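# Chain and residue survey
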Amino acid sequence: MESRTKVIIFRVILVLVGVLFTGGYFFQRHEDQQQSSSQKEPQKEQKSASEEAFTPFQQEKKEESEEGDASLSPNAGKKLSDFYSNEDIESSKKVAEDFVRNLYPVDGKDLTKSIKNSVPYVTENLKRMMQTEEGTARAAGDFFSRELKEINIEEPQEASPDAVTLNVNVQGDVKNKKGEVTDHDTTTYLLQIMKEKDSFKVVEFAENPNE
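Each value, and the rule that gives it
Residues numbered from 1 in each chain as written. Predicted model: local features only at pLDDT ≥ 70, side-chain atom pairs only at ≥ 80, totals over all residues. Heavy atoms only, no water. Core = buried A, V, L, I, M, F, W, Y, C linked by side-chain atoms within 4.5 Å. Buried < 20%, exposed > 50% of the residue type's maximum accessible area, 1.4 Å probe, protein only. Contact = heavy atoms within 4.5 Å. Salt bridge = Lys/Arg side-chain N within 4 Å of Asp/Glu carboxyl O. Helix = DSSP H or I, 4+ residues; strand = E, 2+ residues; numbered from the N terminus. Phe/Tyr/Trp six-rings, centres within 6.5 Å; stacked < 30°, edge-to-face > 60°. Lys NZ or Arg CZ within 6 Å of the ring centre and 35° of its normal. Pairing = 2+ DSSP bridges.

## Overview of the nonpolar core
- In this structure, V100 and L191 are the most contacted members of the largest nonpolar core, which totals 26 residues.
- With residues up to four places along the chain from it excluded, the contact list for V100 reads P105, L148, I151, V168, V170, Y189 and L191.

Here is the structure:
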């Protein structure tokens, strides 16, 4: 009986050892899997974070590039010669010079004189606008008259096929009623000129006195 009891106890011990060994094996394997998984997840998160930090930057640069391209004028860098013949350009410049030479001077005795002299070079629409404003008091005090002394015509930095745009720079003398020069004047005219039938006419202009 004692011998049988020893055998049973021995078998129980073997079973317990086997259970412990097997349990330890699976426990260790589970721990290794968890450790491996925890190491991979930060790498994945780091990669994802890297992509999230990089992709918007790329997108922003792309958008800036697209906006920059969109903001460029289609006529950037274009010259008048890209749209008009040399003959048309010279004709436009001649009209611009004749118009300003007649518009710029001021006669204190007849303030409408410059308007009357310059309207032959403008369109009918602009003519009506100018005649509506004629008689505006331009002479006052020592500014009784203005005489043109120098004129220079410049082509624009960016030309357009819609109209010939020219800058006309003028220098002149301002005189009082006695005819004495009291001041010197510099004015820039921005002109838009278009072909009307067989000749060029001033469609619009802006006068910018330079201080």
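## Focus on the pattern of salt bridges
- All told, the structure shown has nine salt bridges when counted by the stated rule.
- Taking the shortest distance from any N to any O, the salt bridge between E155 and K93 comes out at 3.1 Å. Here E155 is found in the loop between β1 (145–154) and β2 (164–175), whereas its partner K93 is found in helix α2 (residues 86–103), with 62 residues between them in sequence.
- On the basis of relative accessible area, E155 is assigned to the partly exposed category, the value being 36%.
- For K94, the salt bridge is made with D98, and the minimal N-O distance between the two is 2.7 Å. With K94 and D98 both in helix α2 and four residues apart, the pair spans about one turn of that helix.
- What makes K94 partly exposed here is its relative accessible area of 47%.
- We classify D98 as buried; its relative accessible area is 18%.
- It is possible to trace a salt-bridge network through shared partners that takes in R146, D185 and E207.

## Re the packing of aromatic side chains
- Enumeration according to the criterion identifies two aromatic pairs in this entry.
- Their ring planes at 70° and their centres at 6.4 Å tell us that F83 and Y84 sit as a pair that is edge-to-face.
- A relative accessible area of 30% places F83 in the partly exposed class.
- The buried category is assigned to Y84, whose relative accessible area is 15%.
- Relative to F205, the ring of F99 lies with its centre 5.3 Å away and its plane at 65°, an arrangement referred to as edge-to-face. Placement of F99 in helix α2 and of F205 in strand β4 (residues 199–210) is noted, with a sequence separation of 106 residues between them.
- Overall, the relative accessible area of 0% leaves F99 in the buried class.
- One Lys or Arg, R146, reaches over the ring of Y104 and ends 3.9 Å from the middle of that ring.

## Description of the pairing of β4
- Here 11 bridges tie strand β3 (residues 181–196) to β4, and the two strands are oriented antiparallel to one another. From the neighbouring strand, Q192 faces β4, where its bridge partner is E204.
- Hairpin connection from β3 to β4: two residues lie between these consecutive antiparallel strands, with K197 at a positive phi of about 60°.

## Things to note about the environment of I193
- Within the secondary structure, I193 is located in strand β3.
- Filtering out sequence-adjacent residues up to four positions away, I193 remains in contact with S92, A96, A163, V164, L166, F200, K201, V202 and V203.

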